[in-house]
Amino acid sequence: MSIKTDGILFIFSSPSGAGKTTLVKLVEKKENFFISVSHTTRKPRSNEVHGKDYYFVSDNEFKELIKKEEFLEHAKVFNNFYGTLKRPVMEKLNHGQNVLFDIDWQGTKQIRDKKIKFKIISIFVLPPSKQVLYNRLSNRDMKDKLIASERMKEFYKDVKHWIDYDFVVINDNLEKCYQEVSEIINDFEKFKHSYLAKKVKIENHVKKLLS
Ligand code: ADP
Ligand code: 5GP
């Protein structure tokens, strides 16, 4: 007889542009986890696919989903609405599949406050520096330079939420950062011990980012 274990929620948040979507996609590929695809009222970027990166919906469609209480969490981020549907996530978790979330700190807090029966591991992703972050944002949103500066304005508020997460990683070299994420995912109890020493380094890094 096999014993069924519940899936785990792995939540990734970061200031915009730090690289959490890139990391989440890497984890999905390498670990064969399921990514929770959010709904958003934001317009798609040129490389984004409906149903894969997001479900792109209108304001009215989004409001209807709120009304029907279909969301596990939802929030307004950078003047657009983003939300995670309850049903697909709960189905996967109940079937023992781990689920990856790329959501902001508001959504993370909402999920934590719901006190669901599944284990939650939260990871906050920091950029190596503000200049690198700005460069990444500008390269990603080349058509609209305003997007990069608008998102940089929110950086100072967003970065302060690092403290609410179980683990923090610095995404400088992608492969190195992924290795660290992989260690967390595969043995978070063991990683917790070595993490205490790393936390001092993280605190100093955040101070530098905020200066
Ligand atoms: P976020 O989801 O945190 O907003 P993305 O994953 O979209 O950020 O990454 C922002 C941009 O930076 C993307 O163009 C991505 O390809 C790039 N990027 C992500 N991580 C790295 C890295 N370690 N080194 C260089 N570029 C990166
Ligand atoms: P982007 O527009 O760059 O794809 O995402 C902007 C921000 O919205 C990011 O911080 C991202 O993590 C967050 N986000 C994406 N989907 C969701 C969601 O379903 N819920 C919440 N709360 N935030 C989300």
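Residues numbered from 1 in each chain as written. Chains lettered and ligands numbered in written order. Predicted model: local features only at pLDDT ≥ 70, side-chain atom pairs only at ≥ 80, totals over all residues. Heavy atoms only, no water.

Peer 1: Looking at this model, I keep getting lost on the sheet that holds strand β3 (residues 39–40). Mind explaining?
Peer 2: With mixed pairing, four strands are arranged side by side in an open sheet as β4-β3-β6-β5. Of all strands in the sheet, those with a lone pairing partner are β4 (55–56) and β5 (71–77), marking the two edges. With six bridges connecting them, β5 and strand β6 (residues 80–85) associate as antiparallel partners. Each bridged residue has a counterpart across the sheet, and for Val 77 the counterpart in β6 is Asn 80. Running at roughly 35° to β6, helix α3 (residues 86–94) makes contact with β5 and β6 of the sheet. (Pairing = 2+ DSSP bridges. Helix = DSSP H or I, 4+ residues; strand = E, 2+ residues; numbered from the N terminus. Contact = heavy atoms within 4.5 Å. Axes fitted to C-alpha atoms, helices over the stretch in contact; angles between N-to-C directions.)

Peer 1: In this structure, what is going on with the packing of aromatic side chains? I would like to understand it.
Peer 2: Aromatic ring pairs are described here by two measures, namely the spacing of the ring centres and the angle between the planes. A complete count under the given rule lists 10 aromatic pairs for this structure. Taken together, Tyr 54, Phe 56 and Tyr 82 form an aromatic cluster joined through their ring pairs. Sitting above the plane of the Phe 34 ring, Lys 92 keeps its charged end 4.7 Å from the centroid. (Phe/Tyr/Trp six-rings, centres within 6.5 Å; stacked < 30°, edge-to-face > 60°. Lys NZ or Arg CZ within 6 Å of the ring centre and 35° of its normal.)

Peer 1: Which parts of the structure should I look at to understand the sheet that holds strand β8 (residues 120–126)?
Peer 2: Pairing between sheet strands relies on hydrogen bonds along the backbone, with the strands arranged either parallel or antiparallel. The parallel open sheet is built from five strands, whose spatial order is β2-β7-β1-β8-β9. Bordering the open sheet on either side are β2 (34–35) and β9 (167–170), each of which pairs with just one other strand. Across two bridges, the pairing between β2 and strand β7 (residues 99–102) is parallel. Counterpart to Ile 35 in the pairing with β7 is Leu 100. Along the sheet, helix α4 (residues 105–113) contacts β1 (9–13), β7 and β8; its crossing angle with β1, the most-contacted strand, is approximately 155°. Each of β1, β8 and β9 touches helix α7 (residues 174–186); the most contacted strand, β9, lies at about 165° to it.

Peer 1: Is there a simple way to think about the site of ligand 2 in this case?
Peer 2: The environment of ligand 2 is formed by 18 residues, the closest being Ser 38, Arg 42, Tyr 54, Tyr 82 and Arg 151. Here a nitrogen atom of ligand 2 sits 2.8 Å away from a polar atom, N or O, in the side chain of Glu 73. A distance of 2.5 Å separates an oxygen atom of ligand 2 from a polar side-chain atom of Tyr 82. With the chains in place, 96% of the 510 Å² that ligand 2 exposes on its own is no longer accessible. Elements with a contribution of two residues or more to the shell around ligand 2: β5 and β6. When the residues that make up the shell around ligand 2 are grouped by side-chain class, the tally is six nonpolar, four polar and eight charged. (Near = heavy atom within 4 Å. Polar contact = N/O pair within 3.5 Å; in protein donor to acceptor, adjacent residues only side chain to side chain. Areas by Shrake-Rupley, 256 points an atom, 1.4 Å probe, with all protein chains shown as cover. Nonpolar A, V, L, I, M, F, W, Y, C, P; charged D, E, K, R; others polar.)

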